[in-house]
Each structure stands twice: as C-alpha cells, then as structure tokens.
Amino acid sequence: MDEDHTAVFAALAEPSRMRIVSLLRGGPLTVGQIAERLEIRQPQASKHLKVLQQAGLVDVEAEANRRHYRLRPEPFRELESWLAGYRELWNERFDRLDDYLRTMED
C-alpha cells in the first residue's frame with residue numbers, strides 16, 4: 001500500500017472522522033453544522049476536518065465567513081480499486097472452501 005492510502009486509512013481510523021465522512025456523504029456542510037450534528041465543539045470538528053483535508057478526503061470552499069466542506073470522490077475511488085483486489089482474493093478463497101465442503105459432504 002502506498003503512502004496516500006496509509007494517510008487515508010489513518011484519517012478514517014478515528015471514529016469522529018468516520019462520522020464526519022458519513023455526514024458529508026449527504027452533501028457539503030459547514031464546521032458549525034458538523035459540530036452541531038455530532039454534538040461536539042467547533043474546535044474539535046475543525047481539528048478533525050483538518051486531518052481529513054490533509055489526507056485528501058475533503059475539500060473546503062470559502063463562502064463569505066463560512067467554510068463548506070465536501071468529500072472528494074477520488075480518494076474513495078482509489079480505495080475501492082485497492083480493495084477490489086482483496087475482494088477478488090477472498091471470493092476465490094471462499095469458492096475453494098465451498099468446493100472443499102461439497103467434497104466433504106459427498
């Protein structure tokens with residue numbers, strides 16, 4: 001796994017950041033909206049958003065005195081592609097296990 005994926009996984013490993021990502025799936029939100037929905041203080045939300053932004057998972061757009069955060073699709077597509085290789089591996093192993101169990105039944 002390359003360094004980019006490591007940063008993404010490290011960012012997502014924290015439960016509050018995963019909750020923020022889940023919230024942002026519904027569309028862009030401000031720090032205040034995120035803090036309110038997660039029932040945390042704004043500085044905590046800002047800290048988590050900074051980590052997500054540094055990992056490349058979110059973009060921020062300034063509008064007047066507010067910052068709107070939105071998910072970037074590219075890192076999630078890259079993760080999906082990376083995970084696909086493991087999914088194929090496990091599917092093959094489960095197929096072999098299924099074949100083995102069938103021979104045990106016979």
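Please refer to the structure placed before this passage.
Residues numbered from 1 in each chain as written. Predicted model: local features only at pLDDT ≥ 70, side-chain atom pairs only at ≥ 80, totals over all residues. Heavy atoms only, no water.

### Details of the pattern of salt bridges
Phase 1 of the analysis: Under the definition given, this model contains three salt bridges.
Phase 2 of the analysis: Between Arg72 and Asp59 there is a salt bridge; the shortest N-O distance is 3.6 Å. Remark: Asp59 occurs in strand β2 (residues 58–63) and Arg72 occurs in the loop between β3 (66–71) and α5 (73–105); sequence separation between them is 13 residues.
Phase 3 of the analysis: The class for Arg72 is partly exposed, based on a relative accessible area of 23%.
Phase 4 of the analysis: For Asp59, a relative accessible area of 38% gives the class partly exposed.
Phase 5 of the analysis: A salt bridge links Arg72 to Glu74; the nearest nitrogen and oxygen atoms lie 3.3 Å apart.
Phase 6 of the analysis: Within the structure, one salt-bridge network assembled from shared partners comprises Asp59, Arg72 and Glu74. (Salt bridge = Lys/Arg side-chain N within 4 Å of Asp/Glu carboxyl O. Helix = DSSP H or I, 4+ residues; strand = E, 2+ residues; numbered from the N terminus. Buried < 20%, exposed > 50% of the residue type's maximum accessible area, 1.4 Å probe, protein only.)

### Things to note about the environment of Gln53
Phase 1 of the analysis: One can find Gln53 in helix α4 (residues 42–54).
Phase 2 of the analysis: Assessed through its relative accessible area of 35%, Gln53 is described here as partly exposed.
Phase 3 of the analysis: Spatially, the C-alpha atom of Gln53 lies 14 Å from that of Thr30, the residues being 23 residues apart in sequence.
Phase 4 of the analysis: In this structure, Gln53 is in contact with Val58, Val60 and Tyr69, ignoring residues within four places of it in sequence. (Contact = heavy atoms within 4.5 Å.)

Function-wise, these values are silent; they only describe arrangement.
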